[in-house]
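# Descriptive analysis of the structure
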Amino acid sequence: PTVRELLAGGAVSYSFEFFPPKSDEGERQLWRTIRELEGLSPTFVSVTYGAGGSNRDRTVRITGRIAAETTLNPVAHLTCVGHSRAELRSVVGAYADAGVRNILALRGDPPGGPGQPWVRHPDGFDHAEELVALIRQLGDFCVGVAAFPEGHPEAESLEADARYLARKAKAGADFAITQFFFDADDYFALVERASRYGCDIPIIPGIMPVTNVRQIERMALLSGAEFPADLAERLLAVEDDPAAVRAIGVEVATELCLKLLAGGAPGLHFYTLNRSTATREIYANIAGVRAAR
Ligand code: FAD
């Protein structure tokens, strides 16, 4: 089934995101994680698309293996970075050949790195919207897109950003997944803004459990997401105790997830960083609370 069909069923969607590892040891670790999370029967799992080079092929290979060898439903990410239209068509073809029918269509970060100006391939695309339309033209794919509760770092305004999300939906996107964030109200405000522009596709909130203190700075740098000062303080206070840091990260993420579901979010998308422990703990917490209600 496609993600579109699964979301239409109305049950809360759970999904897990992985990235293609650079080494064979990393790939073995990823497969352990995939097998550990398979038992939770998620609605789908997704695999990111690298900034360039050979690990782009790994995305095709890993999503293909997930489709062929597991019970999981893979979503393959694809970005416009450094690709001509012909190349994009050929990657979409490779996904189709590997049995992958769900694609997350992204522009990708500027080739020079986040914060640098966007440079498109001379025969490529400037915006995810165009990639959505291309994939839809190429066949019966289910297409997802990115959304940003705090606004995309390059966006002129939150309103403009929501308008572009609505345009991606109009171009054929079936669902959206958000960048991670820490305040549930930012997510609900995005859903409200998007709906004012006629965007009514399911918007799945992205959850990043904080499991170590080093992550804090890196995450804020990469995503532009505001890291709450009080949470940073709590984490730094137990900096030297990894188990305590993870326990706080899991507790805070659990609270956020429960708020999101209570407010009507269609599901939860976990950024796993290719590890399963924190995600499994949060999942168990949520299942426990929901069963008790
Ligand atoms: P777009 O929707 O094209 O938006 C980019 C910017 O342009 C925004 O500021 C937007 O407001 C503006 N804009 C959009 N449309 C228009 C328009 N028609 N006219 C004028 N302005 C417009 N990156 C990777 O490299 N690989 C991945 O696998 C990956 N996966 C991701 C998964 C998720 C869930 C998320 C949230 C992000 C992911 N990213 C990934 C990062 C993403 O590629 C970057 O954030 C990128 O900078 C924006 O991508 P986009 O698809 O939102 O772009």
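The following paragraphs examine the structure supplied in this document.

What counts and how
Just so you know, the residues in each chain are numbered from 1, in the order the chain's sequence is written. Residue-level local features of this predicted model are given only where pLDDT is at least 70; pairs of side-chain atoms are given and counted only at 80 or more, and the full residue set underlies all totals for whole chains, interfaces and linings. With hydrogens and water stripped out, all remaining heavy atoms of the structure feed into the side-chain values. A single heavy atom is enough: if one lies within 4 Å of a molecule or strand, its residue is considered near that molecule or strand. Under the rule applied, a polar contact is a pair of N or O atoms within 3.5 Å (in protein, one hydrogen donor and one hydrogen acceptor; residues adjacent in sequence only if both atoms are side-chain atoms). Note on areas: Shrake-Rupley, 1.4 Å probe, and residue coverage restricted to the protein chains presented here. Per the convention used, a helix needs a DSSP run of H or I reaching at least four residues, while a strand needs a run of E reaching at least two, with both numbered from the N terminus. Any residue that is not Ala, Val, Leu, Ile, Met, Phe, Trp, Tyr, Cys, Pro, Asp, Glu, Lys or Arg is counted as polar, Gly included; the first ten are nonpolar and the last four charged. Here, residues are in contact when the closest pair of their heavy atoms is within 4.5 Å. A helix's residues, less one, multiplied by 1.5 Å, set its expected span. Burial status follows relative accessibility: with a 1.4 Å probe on protein chains alone, a residue under 20% of its type maximum counts as buried, one over 50% as exposed, and anything between as partly exposed. Only rings of Phe, Tyr and Trp enter the pairing, Trp through its six-membered ring, and a pair is recorded when the two centres are within 6.5 Å. The plane angle decides the type: under 30 degrees is stacked, over 60 is edge-to-face, the rest tilted. Using protein atoms alone on a 1 Å grid, points that fit a 1.4 Å probe yet trap it form a cavity, whereas open point sets bounded by protein on both sides within 12 Å along at least five of seven lines form a pocket; residues with an atom within 4 Å of a point count as lining. Grid points are joined across faces, edges and corners, and a volume is the space filled by probe spheres set on the points. A fitted line through C-alpha atoms represents every axis, and for helices the fit uses only the stretch in contact; the resulting angles, taken between N-to-C directions, go from 0 to 180 degrees. For a crossing to be left-handed, the near helix must be turned anticlockwise from the far one by less than a right angle; the clockwise case is right-handed.

### Some remarks on the site of the ligand
Around the ligand there are 25 residues in total, and Y49, A128, H152, D161 and K168 lie nearest to it. Y49 places a main-chain nitrogen or oxygen 2.8 Å from a nitrogen atom of the ligand. At a separation of 2.8 Å, an oxygen atom of the ligand approaches a polar side-chain atom of H152. Starting from 980 Å² of accessible surface for the ligand in isolation, the protein chains cover 88%. Here the shell around the ligand takes 4 residues from helix α6 (residues 158-170), the largest share from any one element. Of the residues assigned to the shell around the ligand, the class counts are 10 nonpolar, 8 polar and 7 charged.

### Quick look at the environment of L37
Mapped onto the elements of the fold, L37 is located in helix α2 (residues 24-38). C-alpha of L37 to C-alpha of S15: the two residues are 22 residues apart in sequence and 9.8 Å apart in space. Filtering out sequence-adjacent residues up to four positions away, L37 remains in contact with F16, F18, P42, T272, S276, T279 and R280.

### Examining helix α7 (residues 184-196)
In this model α7 runs 19 Å from its N-terminal to its C-terminal C-alpha over 13 residues, within 8% of the 18 Å that 1.5 Å per residue would give. The set of residues buried in α7 consists of A184, Y187, L190, R193 and A194. Structurally, the start of α7 carries an N-cap: the backbone nitrogen of D185 is 3.0 Å from a side-chain oxygen of D183.

### A look at the packing of aromatic side chains
Geometrically, a pair of aromatic rings is defined through the distance of the ring centres and the angle of the planes. By the definition in use, this model includes 8 aromatic pairs. Seen from their ring centres, F16 and F270 are 6.0 Å apart, and the 40 degrees between their planes marks the pair as tilted. Of this pair, F16 sits in strand β1 (residues 13-18) while F270 sits in strand β8 (residues 267-271), placing them 254 residues apart in sequence. Summarising the burial analysis for this pair, F16 and F270 share the class buried. Ring pairs connect the aromatic residues F180, F182, F227 and Y271, which therefore count as one cluster.

### So, the layout of surface pockets
A volume near 200 Å³ is recorded for the second largest pocket. As for the second largest pocket, its lining consists of E150, F182, D183, D186, E226, P228, D230, L231, R234, V252 and E255. The set of elements that each furnish at least two residues to the lining of the second largest pocket consists of α9 (229-237) and α10 (242-262). Counting residues per element, the lining of the second largest pocket draws most heavily on α9, which supplies 3 residues. Classifying every residue of the lining of the second largest pocket gives 4 nonpolar, no polar and 7 charged.

### Re unusual backbone geometry
Non-glycine residue S41 carries a positive phi angle of around 50 degrees. Inspection of the secondary structure puts S41 in the loop between α2 and β2 (44-47). Positive phi, close to 55 degrees, is recorded for L273, a residue that is not glycine. By the element assignment, L273 lies in the loop between β8 and α11 (277-292). Judged by relative accessible area, which is 39%, L273 ranks as partly exposed.

### Some points on the packing of α6 against α7
Here α6 crosses α7 at 65 degrees, and the two axes come no closer than 8 Å. Judged by the sense of rotation from one axis to the other, the crossing of α6 with α7 is right-handed. Contacts between α6 and α7 involve L158, E159, A162 and L165 from the former and L190, R193, A194 and R196 from the latter. Taken together, the residues of the contact of α6 with α7 sort by class into 5 nonpolar, no polar and 3 charged.

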